[in-house]
Amino acid sequence: MRSTGGSSGTPRFRLRWFTPATEVKLCGHATLASAYTLFTTGLVNSDIIEFDTLSEILTAKKGDVSQIQNSKEHQNCFSVELDFPLVSCTEFDSTTEVSAISKALNGAAIIEIRGQLQMVPSYKISSSCLLNSNNFDLVVLPSAQSVIELEPRIDDIHKCGGDGIIATGAAPTGSGFDFASRCFYPKYGINEDPVNGGAHCTLHPIGAKSWKNVISSRIKYYLNPASASARGGILSLHLDEQNQRVHMWGNAVTVMEGTLLV
């Protein structure tokens, strides 16, 4: 839905995201797809779009077609740059919950656990700027290979205190990647998310500071072949520490069009 109040005449739209089970506060794929659709259908005459969301005002920018490989094969193939908030995390000090998470990850070796802070602008909720102090449990494993081989117990993840578990581990030197990740959100109706952009609002800053001290990263998503989906993906990210932002790039392809009569 088109909104009003875009900065300097920039088109602004309301945007909400829903999983099979609930509404979520941040979603990278759906934001990218929404921006791509608006750009390609001619609904906006601009290379920048703002989205008014539960999280905050998010920005999507149309990028140069040359940034995408094999761009000549697709008429509307171009990059979309998403400007997302950096989401901080907190130390994890619940011994009981650590035991539950270890069980949920089938006894995998755990290096560290952190709780993700999900921030929402104060104008969205009257009582506090902090909507939930521990939305997702971010679990650091010994390596990317540990992430690949992880065999989680989805039913036990559902019983954990957080909304889901994000597992990550450093990629080996020379692999071309900085770290690997897998995301499990059974409470949201998603046992495992094939690729999750919003998770990297926390993951990328952690990876940049903990492993390579880099500002820009390439991240590989791995899925266990035994999972319901065998898809994976690659993310290119940049951390703007000064403005506390995470930038991510991607592209999209239209696979279906239709008409809805209301």
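Preceding block: the structure.
Residues numbered from 1 in each chain as written. Predicted model: local features only at pLDDT ≥ 70, side-chain atom pairs only at ≥ 80, totals over all residues. Heavy atoms only, no water.

Asks: What is the right way to read the pairing of strand S6 (residues 80-85) from this model?
Replies: For S6, the tally of buried residues reaches six of six residues, placing the bulk of the element in the interior. Burial along S6 is two-sided: the residues Val80, Leu82 and Phe84 and Glu81, Asp83 and Pro85 are all buried. The pairing of strand S5 (residues 57-62) with S6 spans four bridges and is classified as antiparallel. Its bridge partner lying in S6, Thr59 is registered against Asp83. Of the strand pairs in this sheet, S6 and strand S17 (residues 245-250) are connected by six bridges, and their pairing is antiparallel. (Buried < 20%, exposed > 50% of the residue type's maximum accessible area, 1.4 Å probe, protein only. Helix = DSSP H or I, 4+ residues; strand = E, 2+ residues; numbered from the N terminus. Pairing = 2+ DSSP bridges.)

Asks: Looking at this model, I keep getting lost on the nonpolar core. Mind explaining?
Replies: Nonpolar side chains in soluble globular proteins tend to be buried together. Counting residues in hydrophobic clusters, the biggest one holds 39 residues, and the most contacted among them are Ile49, Phe51, Val80, Leu82, Phe84, Ile166 and Tyr185. Looking at which element gives the most residues to this core, the answer is helix H1 (residues 28-41), with five residues. If we skip the residues at most four places from it in the chain, Val80 touches Leu32, Ala35, Ala60, Lys61, Met248, Trp249 and Gly250. (Core = buried A, V, L, I, M, F, W, Y, C linked by side-chain atoms within 4.5 Å. Contact = heavy atoms within 4.5 Å.)

Asks: What exactly am I supposed to notice about the environment of Gly250 here?
Replies: By the secondary structure assignment, Gly250 is in strand S17. Linking Gly250 and Gly197, residues 53 residues apart in sequence, is a C-alpha distance of 9.9 Å. Leaving out residues up to four positions away in the same chain, Gly250 has contacts with Leu32, Phe78, Ser79 and Val80.

Asks: Would you take a moment to explain the pattern of salt bridges for this structure?
Replies: Side chains bearing opposite charge may pair, as long as their charged atoms lie close to each other. Under the definition given, this model contains seven salt bridges. Residue Arg245 pairs with Glu56 through a salt bridge whose shortest N-O separation is 2.6 Å. Taken together, the residues Arg245 in strand S17 and Glu56 in the loop between strand S4 (48-52) and S5 connect sequence positions 189 residues apart. Given the relative accessible area of 17%, Glu56 is considered buried. Between Glu112 and Arg114 there is a salt bridge, with the nearest N and O atoms lying 2.5 Å from each other. Owing to a relative accessible area of 26%, Glu112 belongs among the partly exposed residues under this scheme. In the salt-bridge network here, residues are joined through shared partners; they are Glu56, Asp83 and Arg245. (Salt bridge = Lys/Arg side-chain N within 4 Å of Asp/Glu carboxyl O.)

Asks: Looking at this structure, how should I read the side chain of Asp156?
Replies: Mapped onto the elements of the fold, Asp156 is located in helix H4 (residues 154-159). If sequence neighbours within four positions are ignored, Asp156 has contacts with Lys103 and Ala104.

Asks: Would you take a moment to explain a nonpolar patch on the surface for this structure?
Replies: Taken together, the side chains of Val253, Val255 and Met256 define a hydrophobic patch exposed on the protein surface, amounting to about 390 Å² of accessible area. Turning to its location among the elements, Val253 is positioned in the segment after S17. Residue classification places Val253 among the exposed residues on the basis of a relative accessible area of 53%. (Patch = residues over 30% accessible without salt bridge, like charges linked within 9 Å, V, L, I, M, F, W, Y side chains within 5 Å. Areas by Shrake-Rupley, 256 points an atom, 1.4 Å probe, with all protein chains shown as cover.)

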